[in-house]
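Listed here are the chains, written in short residue letters.
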Amino acid sequence: MKPGIHPPYGPVVFRDRAAGFAFLTRSTATSGKTVEWEDGNTYPVIDVEISSASHPFYTGTARVLDTAGRVERFERRYGKREGGR
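Report on the accompanying structure. (Residues numbered from 1 in each chain as written. Predicted model: local features only at pLDDT ≥ 70, side-chain atom pairs only at ≥ 80, totals over all residues. Heavy atoms only, no water.)

**As for the pairing of strand β2 (residues 21-27)**
Logical step 1: Both strand β1 (residues 10-16) and β2 contribute to a ladder of 7 bridges, which runs antiparallel. Considered in β2, the bridge of Val12 is made with Thr25.
Logical step 2: With antiparallel pairing between neighbouring strands as the criterion, β1 and β2 make up a hairpin whose turn holds 4 residues, including Gly20 at a positive phi of roughly 65°. (Pairing = 2+ DSSP bridges. Helix = DSSP H or I, 4+ residues; strand = E, 2+ residues; numbered from the N terminus.)

**Looking at the packing of aromatic side chains**
Logical step 1: Inspection of every chain in the model, using the stated rule, returns 3 aromatic pairs.
Logical step 2: Ring geometry for Phe14 versus Phe23: centroids 5.8 Å apart, planes at 25°, classification stacked.
Logical step 3: The class of Phe14 is buried, set by a relative accessible area of 17%.
Logical step 4: Their ring planes at 50° and their centres at 4.9 Å tell us that Phe74 and Tyr78 sit as a pair that is tilted. (Phe/Tyr/Trp six-rings, centres within 6.5 Å; stacked < 30°, edge-to-face > 60°. Buried < 20%, exposed > 50% of the residue type's maximum accessible area, 1.4 Å probe, protein only.)

**Here we look at the pattern of salt bridges**
Logical step 1: In this structure the tally under the stated criterion is 3 salt bridges.
Logical step 2: A salt bridge links Asp47 to Arg17; its shortest N-O distance comes to 3.9 Å. Of the two residues, Asp47 is situated in strand β4 (residues 42-48) and Arg17 in the loop between β1 and β2; the sequence distance between them amounts to 30 residues.
Logical step 3: A relative accessible area of 58% means that Arg17 is categorised as exposed.
Logical step 4: With a closest N to O distance of 2.8 Å, Lys33 and Asp47 form a salt bridge. Within this pair, whereas Lys33 is found in the loop between β2 and β3 (34-36), its partner Asp47 is found in strand β4, the two being separated by 14 residues in sequence.
Logical step 5: For Lys33, a relative accessible area of 45% puts it in the partly exposed group.
Logical step 6: Look at Asp47 and you get partly exposed, because its relative accessible area is 29%. (Salt bridge = Lys/Arg side-chain N within 4 Å of Asp/Glu carboxyl O.)

What follows is the structure in structure tokens.
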């Protein structure tokens, strides 16, 4: 890597306030706010609106689409296709 052109890469806490979930990772993102982490050190904190703790896909609350019902409704409306294509 070319020195002097990349942003600093260091520890940052990402916090999902809606779910009360936070995790420490490394990133080039920065913030003026800080938080004291479980290890006693102070790190910059970035508040996010959604994370794996609150996203419907990861929490299991995602809706499953009824694709069979959609196909049947399409076939009723426009008729089945002949010839298997």
